[in-house]
Amino acid sequence: MNSPFLVTPQWLEQHLDDGDLVVVDVRMSPVGLVPKKDMQAEFAAGHIPGAVYFDIDAVADTTTALPHMLPDAETFGAAAGQLGISENSTIVFYDQGNQFSAPRGWWTFRTFGAQQVYVLDEGLDGWKARGNALATGDGTRASTRFNARFNADALVNLRQVEQALGGPTQILDARAAPRFYGDAPEPRPGLHRGHIPGSINIPYPELLENGRFKSLEAMKQLFSDKGVDLNGPIVTSCGSGVTAAVLAFALLSLQAPQVRLYDGSWTEWGALDGSQPIATR
């Protein structure tokens, strides 16, 4: 069985013209790439027909230097509505096909009250592999109203993570193992190497196979092998809160009841001017 939050390219082919469906491109520039890719231009050069582009970096809290932190409900609702998305829409998110950023789009819209939210298995690559055409241009829809309701229980802040250390909360880190153990430098400048003490490293690609999420059984086994209690309280983390959503997607697919995302993640915790404890082994 696969995640109840996934749709296949075949499904999308059959439902692309549904009146309540909105396809959302949430491709992001790779972390550390300088200069950053112009993702709006990438979207304009080729996207799934009818799709709109949601900029995770732009629709964010502008009062902090931390990247793509969630905005307030009013800001989010205005941005989503302008794209022609309402909280009652059936929304399908896709990225290039590596599931790097599509789950972050999925998690963000759920956190602001959307109910029918899905991720496209295999992403844009899977769509193209079936011979489907791409559209070009800006990709606009008639604006509508998105009544955003912020779910504060979906995430945690730095203080809450500090308070959780040494307790029953399991902190899962989606970064690659060399970054988690401090053997490789962080792609963002100004950060320590290492991880939050007591956290468990689950690099997000381990949940995937050729751009597709593994079966529910395989994902459940992976978490079990890492020592994760799916029924206990869980916080997901990563470099900046994007691939932490990949772990959240998998956990919520497995009906884990207590999953929250640390939005600041290592960019906040590992800052050189911070005083948070850091582990490397």
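Since the model is a prediction, treat every value here as computed from it, not as a measurement.

**Q** Whenever I open this one, the layout of surface pockets confuses me. Can you help?
**A** Which parts of space are left empty comes out when a probe the size of a water molecule is rolled across the atoms. In this structure, the largest pocket occupies an estimated 680 Å³ of space. Taken together, 35 residues line the largest pocket, and the ones lying closest to its centre are Ser29, Pro30, Val31, Gly32 and Phe100. Per-class residue counts for the lining of the largest pocket are 17 nonpolar, 9 polar and 9 charged. In this structure, the second largest pocket occupies an estimated 210 Å³ of space. Gln40, Tyr53, Phe54, Asp55, Val59, Ala79, Gln82, Leu83, Asp138, Gly139, Thr140 and Arg141 are the residues that line the second largest pocket.

**Q** What is the right way to read helix α8 (residues 216-225) from this model?
**A** It helps to recall that an α-helix has 3.6 residues per turn; residues three or four apart then point in one direction. Buried within α8 are the following residues: Leu216, Met219, Leu222 and Phe223. The arc that holds the buried residues of α8, viewed along the axis, is 125°, so those residues lie on one side. Where α8 is buried, its residues meet β7 (170-173), β10 (212-213) and α9 (244-253). Once α8 finishes, Gly227 follows within two positions and takes phi at roughly 85°, a positive value.

**Q** Help me understand empty space enclosed by the protein, please; the structure alone is not making it clear to me.
**A** Counted by the stated rule, this structure contains 1 cavity of 30 Å³ or more. Volume-wise, the largest cavity comes out at about 40 Å³. Considering only residue class, the lining of the largest cavity consists of 6 nonpolar, 2 polar and 1 charged.

**Q** Honestly, helix α4 (residues 102-111) in this entry has me stumped. Any pointers?
**A** Taken across its 10 residues, α4 has 9 buried, putting it largely inside the fold. Regarding α4, the residues found buried are Ala102, Pro103, Arg104, Gly105, Trp106, Trp107, Thr108, Phe109 and Thr111. Taken from the residues just after α4, Gly113 is the one with a positive phi, measuring 105°.

**Q** Would you mind going over the sheet that holds strand β8 (residues 200-201) with me for this structure?
**A** The strand order across the open sheet built from 5 strands is β6-β12-β11-β7-β8, with neighbouring strands paired in parallel fashion. This sheet does not close on itself; its edge strands, each paired only once, are β6 (155-156) and β8. Sheet topology places β7 next to strand β11 (residues 234-237); 4 bridges connect them, and they run parallel. Following the sheet pairing, Gln170 is matched in β11 by Ile234. Seen against the sheet, α9 touches β7, β11 and β12 (259-262) and runs at an angle of roughly 145° to β11.

**Q** Whenever I open this one, the pairing of β12 confuses me. Can you help?
**A** Both β6 and β12 contribute to a ladder of 2 bridges, which runs parallel. Note on β12: the bridge partner recorded for Val156 is Tyr262. Of the pairings in the sheet, the one linking β11 to β12 comprises 3 bridges and is parallel in character. Considered in β12, the bridge of Val235 is made with Arg260. Where the polypeptide runs from β11 across α9 and back to β12, its parallel neighbour, the crossover connection is right-handed.

**Q** Explain the packing of α4 against α9 to me, please; I cannot follow it from the model alone.
**A** Two packed helices can be described by the angle between their axes and the distance between those axes. Here α4 crosses α9 at 70°, and the two axes come no closer than 8 Å. By the angle between their axes, α4 is roughly perpendicular relative to α9. Helix-helix and strand crossings are classified by hand; for α4 and α9 the assignment is left-handed. For the pair α4 and α9, the contacting residues are Pro103, Arg104, Trp106, Trp107 and Arg110 in the first and Ala245, Val246, Ala248, Phe249 and Leu252 in the second. Its residues placed into classes, the contact of α4 with α9 shows 8 nonpolar, no polar and 2 charged.

**Q** Mind showing me how you'd approach the packing of aromatic side chains here?
**A** Centre distance and the angle of the planes are the two values used to describe a pair of aromatic rings. The final tally for this structure, using the stated rule, is 15 aromatic pairs. Measuring from ring centre to ring centre gives 4.8 Å for Phe76 and Phe109, while their planes differ by 75°; the resulting arrangement is edge-to-face. Taken as a pair, Phe76 in helix α3 (residues 73-82) and Phe109 in helix α4 lie far apart in primary sequence, 33 residues in all. The exposure class of Phe76 is buried, given its relative accessible area of 0%. The rings of Phe54, Phe76, Phe93, Phe109, Phe112, Phe146 and Phe150 are connected pair by pair, giving a single aromatic cluster. Taking the ring centre of Phe5 as reference, the NZ or CZ of Arg110 above it sits at 5.1 Å.

Criteria and thresholds
Throughout this document, residue positions are counted from 1 along each chain, in the order its sequence is written. Selection of residues for local features in this predicted model requires a pLDDT of at least 70, selection of side-chain atom pairs for listing and counting requires 80 or more, and totals for whole chains, interfaces and linings are taken over all residues. Only heavy atoms go into the side-chain values, all of them from the structure, while hydrogens and water stay out. Here a cavity denotes a set of grid points, spaced 1 Å apart and computed over the protein atoms alone, in which a 1.4 Å probe fits but from which it cannot get out, and a pocket denotes an open set meeting protein on both sides within 12 Å along at least five of seven lines; residues with an atom within 4 Å of a point are reported as lining. Grid points are joined across faces, edges and corners, and a volume is the space filled by probe spheres set on the points. Only Asp, Glu, Lys and Arg are considered charged in this grouping, and only Ala, Val, Leu, Ile, Met, Phe, Trp, Tyr, Cys and Pro are considered nonpolar; every other residue, Gly among them, is considered polar. Working definition: with a 1.4 Å probe on protein chains only, accessible area under 20% of the residue-type maximum means buried, over 50% means exposed, and in between means partly exposed. Only DSSP runs of H or I covering at least 4 residues are called helices, and only runs of E covering at least 2 are called strands; the numbering of each starts at the N terminus. Taken from the helix axis, the directions to the C-beta atoms give the arc we talk about. Only heavy atoms matter for contacts: two residues are in contact if any of them lie within 4.5 Å across the pair. Only when DSSP finds a minimum of two bridges between them are two strands counted as paired. Angles shown run from 0 to 180 degrees and are taken between the N-to-C directions of axes, each axis being a line fitted to C-alpha atoms and, for helices, limited to the stretch in contact. The crossover handedness rule: strands pointing away from the viewer, path from first strand over the helix to second strand clockwise, crossover right-handed. Roughly parallel here means an angle under 35 degrees, roughly antiparallel means over 145, roughly perpendicular means 65 to 115, and every remaining angle is called oblique. In this scheme the crossing of two helices becomes right-handed for a clockwise turn of the near helix relative to the far one and left-handed for an anticlockwise turn of less than a right angle. Between 30 and 60 degrees the pair is tilted, below 30 it is stacked and above 60 it is edge-to-face, where a pair is any two Phe, Tyr or Trp rings, Trp via its six-membered ring, whose centres lie within 6.5 Å. Working rule: Lys NZ or Arg CZ, within 6 Å of ring centre, within 35 degrees of ring normal, means a charge sits over the ring.

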